[in-house]
Amino acid sequence: MSIQVAVVVGNPRPASRTLAAATYVARSLTGVEPTLTVDLATLGAAILDWADPSIASLVASVGAADLVVVASPTYKGTYTGLLKLFLDRFAGGTGLRGLAVPLLLGAGPQHALAAELTLRPVLTEIGATVPGRGLFIIDKQHDDPAAYADWLAATRPIVATFLETRGGRA
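Residues numbered from 1 in each chain as written. Predicted model: local features only at pLDDT ≥ 70, side-chain atom pairs only at ≥ 80, totals over all residues. Heavy atoms only, no water.

### Regarding the nonpolar core
In this structure, V62, F86, L96 and L123 are the most contacted members of the largest nonpolar core, which totals 30 residues. Looking at this core, the elements that each hand over two or more residues are β1 (5-9), α2 (53-64), β3 (67-73), α3 (81-87), β4 (99-106) and α4 (114-125). Dropping the residues within four chain positions of it, L123 is found in contact with V70, L87, L96, A100, V101, P102, A128 and V130. Residues I3, L19, A21 and A26 belong to the second largest nonpolar core, which totals 24 residues. (Core = buried A, V, L, I, M, F, W, Y, C linked by side-chain atoms within 4.5 Å. Buried < 20%, exposed > 50% of the residue type's maximum accessible area, 1.4 Å probe, protein only. Helix = DSSP H or I, 4+ residues; strand = E, 2+ residues; numbered from the N terminus. Contact = heavy atoms within 4.5 Å.)

Written out as structure tokens, the structure is:
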């Protein structure tokens, strides 16, 4: 059985550094490319239409993933409204059934706890298990593997064990 890995990015700019960081984290945790990438900036007005079947399909696919990296730039100390719009679509307690990694990028260390204090609680509320602590990366270091190294070393074994128990491989 192959693992399902999703990346959800709430940056209002498509193909952002946030997307690059989230993809790097997903690949580094699992050794595989994400099977689903949701760059919310590319969805346009459909994200506002609660009856849109394409968005409902994305929510179902993300919800069923074994691992989801949920990423956003830090805006006013938290994640973006664009990401909030998408996360509001998930049922409480059962919307995400696998692991979820909260990842925020920010301009400076004053926001280092934002992933843990703002995004993690939402992910757990909608059913995800969060392995370890939330991840915060300084925006200018988004492409520096050293910025992720300690967090990956602590989190990768937890993710691998979880995925092995689900019948996948990490």
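### Quick word on unusual backbone geometry
Notably, A15 is not glycine yet its phi reads approximately 55 degrees, a positive angle. Along the chain, A15 turns up in the loop between β1 and α1 (17-30). Within the chain, K76 stands out as a residue other than glycine whose phi angle is a positive 50 degrees. Structurally, K76 is set in the loop between β3 and α3.

### A short note on the layout of surface pockets
The calculated volume of the largest pocket comes to roughly 200 Å³. Lining the largest pocket we find N11, R13, S16, R17, T18, P73, T74, Y75, L105, G106, A107 and D139. Within the residue set of the lining of the largest pocket, elements represented by two or more residues are α1 and β4. (1 Å grid on protein atoms, 1.4 Å probe; cavity = no way out; pocket = protein on both sides within 12 Å on 5 of 7 lines; lining within 4 Å. Points joined across faces, edges and corners; volume = space filled by probe spheres on them.)

### Topic: the environment of R27
Examined against the element boundaries, R27 turns out to sit in helix α1. Residue class for R27 comes out partly exposed when judged on its relative accessible area of 32%. Along the primary structure R27 and V5 are separated by 22 residues, whereas in three dimensions their C-alpha atoms are 8.8 Å apart. Residues in contact with R27, not counting those within four places in the same chain, are V32 and E33.

### Overview of the sheet that holds β1
Taken in spatial order, the five strands make up an open sheet running β2-β1-β3-β4-β5, and their pairing is parallel. Every other strand in the sheet has two partners, leaving β2 (36-39) and β5 (135-138) as the edge strands with one partner each. Between one strand axis and the next, the sheet turns through 15 degrees on average, direction left out of account. Relative to β4, β3 runs parallel, the two being bridged by seven bridges. Residue pairing across strands places S72 opposite L104, the latter belonging to β4. The strands touched by α4 within the sheet are β3, β4 and β5, with β4 carrying the most contacts at an inclination of about 145 degrees. (Pairing = 2+ DSSP bridges. Axes fitted to C-alpha atoms, helices over the stretch in contact; angles between N-to-C directions.)

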